Amino acid sequence: MNEIFQIFNPDWWMDENNNVLQMTDAILFLLFLIPVAYLFIYSLASLMKYKNPYPESKKQHKFLVLFNVFRNGKEVIESINYFLDTQTYPRDKYDIAAAATQLSEEDLTTLLQMPVSIVVPDKEYCTKVYAIQQVMERYSPHEYDMIVIFNSDNALHLLNNAYYSGCDSIQAHRMTENLTTSTAILSAAGEEINNNIFRKGHTKLGFSSALLGSGMAFDFEMFHRIAPALKGSDLAKAVEVRLLEENIYTEYIQEIICYSKKQENAEGYSRERQRWLSAQYNSTFLALKHLPLAFLQGKWDYCNKLFQWLLPSRFLLIACIVTATIIITILDWTLSFKWYILLLLIIITFLMALPEGEINKRFKHAVWALPILIFASIFSHFGRIFKSTKKNK
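What you see is a predicted model; the values in this text were computed from it and never measured. (Residues numbered from 1 in each chain as written. Predicted model: local features only at pLDDT ≥ 70, side-chain atom pairs only at ≥ 80, totals over all residues. Heavy atoms only, no water.)

1. Overview of the overall build of the chain
1) Next: On a plain count of helices and strands, the chain comes out with 16 helices and 7 strands.
2) Next: The burial tally for the chain puts 50% of its 393 residues in the buried class.
3) Next: Surface exposure of the chain reaches about 20300 Å², of which carbon and sulfur atoms provide 60%. (Helix = DSSP H or I, 4+ residues; strand = E, 2+ residues; numbered from the N terminus. Buried < 20%, exposed > 50% of the residue type's maximum accessible area, 1.4 Å probe, protein only. Areas by Shrake-Rupley, 256 points an atom, 1.4 Å probe, with all protein chains shown as cover.)

See below:
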């Protein structure tokens with residue numbers, strides 16, 4: 001029994017006759033090196049010059065532009081008005097639909113007066129996946145050419161070109177609208193890093209772009225077919241599974257911009273992380289279950305996606321590497337050099353993926369809030385575990 005409790009004694013770890021520290025160090029280093037190497041490769045690929053490869057289309061396809069309205073009706077009403085005011089695509093070549101849930105009577109009345117087809121799901125409180133499934137039930141498979149789940153003033157023209165060239169699944173470039181606080185700026189920087197690594201970097205190396213849940217466009221007949229089979233609460237992950245199981249490639253078109261709003265304080269960020277973690281845990285278990293079979297079947301695009309879902313979050317990865325570096329340095333500094341190199345590599349990886357522009361400029365002034373978001377990210381993991389334990393009781 002005393003030998004078991006020796007692991008809590010620092011002297012036991014530093015004993016030269018005991019190689020447990022070296023073995024543990026090697027295993028941990030390998031576990032963290034794999035995700036860092038994965039991120040570094042795609043971050044490096046994202047530095048390649050982007051050019052839209054799709055020529056002008058000879059045909060104007062018909063689009064269904066879908067807005068999801070959850071509680072905040074006024075914000076979506078503004079988005080629809082903005083879309084209608086700025087759209088240059090022929091008006092007879094697109095229709096607008098809105099999946100409206102939990103709206104006030106005033107917002108619903110305003111929507112009814114607009115040129116919008118409103119679909120109210122038969123459940124007041126439902127997921128985005130369920131709401132979209134309800135919308136697709138209202139249309140026939142050949143009623144439109146594409147469905148667009150976002151708004152952008154130049155979207156339909158560029159999407160039309162890509163669709164004419166054979167793209168059945170497209171992800172746009174989502175950017176943050178409210179760069180008002182340090183938390184929002186850091187969240188925006190994180191999203192831009194994700195855009196470059198998981199979307200631009202992926203497509204540069206021949207893999208599908210990751211989906212976001214908004215800023216997406218799909219072949220209408222294809223989406224109409226897969227919509228009833230979508231499962232879970234995370235729309236992006238549900239669609240990705242179905243597309244990659246069928247070897248359908250997702251393109252990333254960087255110049256199509258759609259905007260979103262980020263949480264402006266650490267408390268809101270932590271709540272958002274809790275929701276993200278709920279979907280992330282489910283996708284992790286799904287990846288562990290399906291990755292071996294996908295590998296044996298040679299579905300490399302699907303394998304890449306499943307492996308991505310196994311990666312820890314950016315902030316958690318940084319926190320773990322920093323913690324491991326400090327502990328190894330204290331226990332045996334001669335083993336710590338590779339950890340400092342790994343820490344430097346992950347920093348270089350994220351700096352390479354951070355684009356030039358307004359976010360980059362503001363990031364330098366907001367970086368002081370980074371430790372707060374790292375701790376918020378870590379505590380959100382503990383909060384998720386605590387909730388799960390409480391439910392089980």
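2. Here we look at a nonpolar patch on the surface
1) Next: Together, I27, L28 and L31 make up a nonpolar patch on the protein surface, roughly 270 Å² of accessible area in all.
2) Next: With respect to the helices and strands, L31 occurs in helix α3 (residues 20–45). (Patch = residues over 30% accessible without salt bridge, like charges linked within 9 Å, V, L, I, M, F, W, Y side chains within 5 Å. Salt bridge = Lys/Arg side-chain N within 4 Å of Asp/Glu carboxyl O.)

3. Topic: the packing of aromatic side chains
Remark: the centre distance and the inter-plane angle together describe each pair of aromatic rings, the angle taken between the planes.
1) Next: By the definition in use, this model includes 14 aromatic pairs.
2) Next: Each ring, one from F29 and one from W339, has its centre 5.3 Å from the other, and the planes form 85°; the classification is edge-to-face. With a gap of 310 residues between them, F29 in helix α3 and W339 in helix α14 (residues 337–353) connect regions that are remote in the sequence. The two residues F29 and W339 agree in class, both being buried.
3) Next: Taken together through their ring pairs, the aromatic side chains of Y38, Y42, F207 and F307 make up a single cluster.
4) Next: Between the NZ or CZ atom of K338 and the centre of the ring of F29, over which it lies, the distance is 5.7 Å. (Phe/Tyr/Trp six-rings, centres within 6.5 Å; stacked < 30°, edge-to-face > 60°. Lys NZ or Arg CZ within 6 Å of the ring centre and 35° of its normal.)

4. Looking at the environment of A287
1) Next: Within the secondary structure layout, A287 lies in helix α11 (residues 266–296).
2) Next: Once you skip the residues sitting within four places of it in the chain, A287 turns out to touch L306, W309 and L310. (Contact = heavy atoms within 4.5 Å.)

5. Description of the pairing of strand β4 (residues 146–149)
Looking along a regular strand, one sees the side chains alternate between the two faces of the sheet.
1) Next: Side chains M146 and V148 project from β4 onto one buried face, and the interleaved I147 and I149 project onto a second face that is buried too.
2) Next: For β4 and strand β6 (residues 216–219), the ladder comprises 4 bridges, and the chain directions are antiparallel. Counterpart to I147 in the pairing with β6 is F218. (Pairing = 2+ DSSP bridges.)

6. Some remarks on α3
1) Next: Over its 26 residues, α3 runs 38 Å from end to end, which matches the ideal 38 Å to within 8%, given 1.5 Å per residue.
2) Next: When we look at burial in α3, the residues that qualify are L21, D25, F29, F32, P35, V36, Y38, L39, Y42, S43 and A45. (Expected span 1.5 Å × (residues − 1).)

7. Here we look at the pairing of strand β5 (residues 169–176)
1) Next: Counted residue by residue, β5 has 7 buried out of 8 residues, so it is predominantly covered.
2) Next: Pairing geometry for β5 and β6, over 3 bridges, is antiparallel. Directly across from Q171, in β6, lies its bridge partner M216.
3) Next: In the sheet, β5 pairs with strand β7 (residues 251–260) via 7 bridges, with the strands oriented parallel. Its bridge partner lying in β7, I170 is registered against E251.

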